[in-house]
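# A look at the structure
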Amino acid sequence: MFGLLRFQHVNLPNSDTITELVDRNLVRSNVIREVAKRTMARICDGHAYLAIHWRNKSAEGCRAGKCNAMAEVLMANENAVNVVSDIRALQKQYNLSCIYVAYPPYAVLFMETLRKNHIKELVDKENLFSGNYPEMDIYENDDYMLSLLEQEICFQADVFLGWRLSSWTTIIERARRSMQNRPPSLLLHNLPSWKH
């Protein structure tokens, strides 16, 4: 659902129960779920993985007469460096050998930061379209299907680290909350090294 956070102040009786019921039953298609599962099993060799949704709004432009504040973008880019130690700690705490990073096309600085700081076993959509996974080719130029696929990869992750105030992250968090085993879902902005 696009713009999910726009409805956060609507008060419905039993809204948590209703939301959990919807999240448990409104799932991505079997095709998307299976492709995500097979792909991540091959990319991460079947090991536990961390999925990160990074969105720093650095090139989203203006909408509804509002432009993104440059200070917010600069703070996010600075925090990309700050959270590297937190990401390493999460990898160690949960024994995660692989990291999938979902991000919009203009947020590549985060991947560069992780690579410069020797975070190993990084995977992103570029890996999916490297030619090693022919079943992925049909998704390369379809932003909607790619987004669904990345959502499913994040949903299936052993640990999910998301972006505050993002509908995309909220969809994943809520769906993971409805799972029986409730795997850890965290926000980047709550990591110890994040500066506000």
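Shown above is the structure to which this text applies.
As a starting point, this report considers the structure included with it.

What counts and how
- Residues numbered from 1 in each chain as written.
- Predicted model: local features only at pLDDT ≥ 70, side-chain atom pairs only at ≥ 80, totals over all residues.
- Heavy atoms only, no water.
- Helix = DSSP H or I, 4+ residues; strand = E, 2+ residues; numbered from the N terminus.
- Buried < 20%, exposed > 50% of the residue type's maximum accessible area, 1.4 Å probe, protein only.
- Contact = heavy atoms within 4.5 Å.
- Areas by Shrake-Rupley, 256 points an atom, 1.4 Å probe, with all protein chains shown as cover.
- Lys, Arg positive; Asp, Glu negative; His and termini not counted.
- Salt bridge = Lys/Arg side-chain N within 4 Å of Asp/Glu carboxyl O.
- Disulfide = S-S within 2.5 Å.
- Pairing = 2+ DSSP bridges.
- Axes fitted to C-alpha atoms, helices over the stretch in contact; angles between N-to-C directions.
- Parallel < 35°, antiparallel > 145°, perpendicular 65-115°, else oblique.
- Left-handed = near helix turned anticlockwise from the far one by under 90°.
- Nonpolar A, V, L, I, M, F, W, Y, C, P; charged D, E, K, R; others polar.

What follows is about the overall build of the protein. Summing up its helical and strand segments, the protein has eight helices and seven strands in all. Burial statistics for the protein: of 196 residues in total, 43% are counted as buried. Look at the contacts in the protein between residues 6 or more apart in sequence, and 69% of them connect residues 24 or more apart. Total accessible area computed for the protein in this model is approximately 11200 Å², and 54% of it derives from carbon and sulfur atoms.

Take the side chain of Asp86 next. Residue placement: Asp86 occurs in helix 4 (residues 84-94). The side chain of Asp86 is buried and forms no salt bridge, while Arg88, the nearest opposite charge, is found at 10 Å. The residues contacting Asp86, other than those within four sequence positions of it, are Leu191, Pro192, Ser193 and Trp194.

In this section: the state of the cysteines. Tallied over the entire structure, the rule returns one disulfide. Across the disulfide from Cys44 sits Cys98; the S-S distance is 2.2 Å. On the sign convention where negative is left-handed, the bridge of Cys44 and Cys98, at about -55 degrees about the S-S bond, is left-handed. On the criterion of sequence distance, the pair formed by Cys44 in the loop between helix 2 (30-43) and strand 1 (49-53) and Cys98 in strand 4 (residues 98-102) is long-range, its members being 54 residues apart.

So, about unusual backbone geometry. Negative phi is the rule for most residues except glycine; trans is the rule for most peptide bonds. The backbone of His118 sits at a positive phi, close to 60 degrees, despite the residue not being glycine. When you line up the elements, His118 lands in the loop between helix 5 (108-116) and strand 5 (122-123). Within the chain, Arg182 stands out as a residue other than glycine whose phi angle is a positive 40 degrees. By secondary structure assignment, the location of Arg182 is in the loop between helix 8 (167-177) and strand 7 (185-187).

Take the sheet that holds strand 5 next. In sheet architecture, strand pairing relies on hydrogen bonds along the backbone and comes in two forms, parallel and antiparallel. The five strands lie next to each other as 5-4-1-6-7, forming an open sheet whose pairing is parallel. The open sheet has two edge strands, strand 5 and strand 7, and neither has a second partner. Note that strand 4 and strand 5 share two bridges and pair parallel. Considered in strand 5, the bridge of Ile99 is made with Leu122. Seen against the sheet, helix 4 touches strand 1, strand 4, strand 6 (159-162) and strand 7 and runs at an angle of roughly 160 degrees to strand 6.

Let us look at the packing of helix 7 (residues 143-156) against helix 8. Where helix 7 meets helix 8, the closest approach of the two axes is 9 Å, and the angle between their N-to-C directions is 40 degrees. Put simply, helix 7 runs oblique to helix 8. In this structure, helix 7 meets helix 8 at a crossing whose hand is right-handed. Here Ser147, Glu150, Gln151, Cys154, Phe155 and Gln156 of helix 7 lie close against helix 8, whose contacting residues are Trp168, Ile171, Ile172, Ala175 and Arg176. Partitioning the contact of helix 7 with helix 8 into residue classes produces six nonpolar, three polar and two charged.

With that settled, consider the packing of helix 2 against helix 7. Viewed as axis vectors pointing N to C, helix 2 and helix 7 meet at an angle of 60 degrees, and their least axial separation amounts to 9 Å. By the angle between their directions, the pair helix 2 and helix 7 is classed as oblique. Classified by chirality, the crossing of helix 7 by helix 2 is right-handed. On helix 7, the residues touching Ile32, Arg33, Val35, Ala36, Lys37 and Met40 of helix 2 are Met145, Leu148, Leu149, Glu152, Ile153 and Gln156. By residue class, the composition of the contact of helix 2 with helix 7 is eight nonpolar, one polar and three charged.

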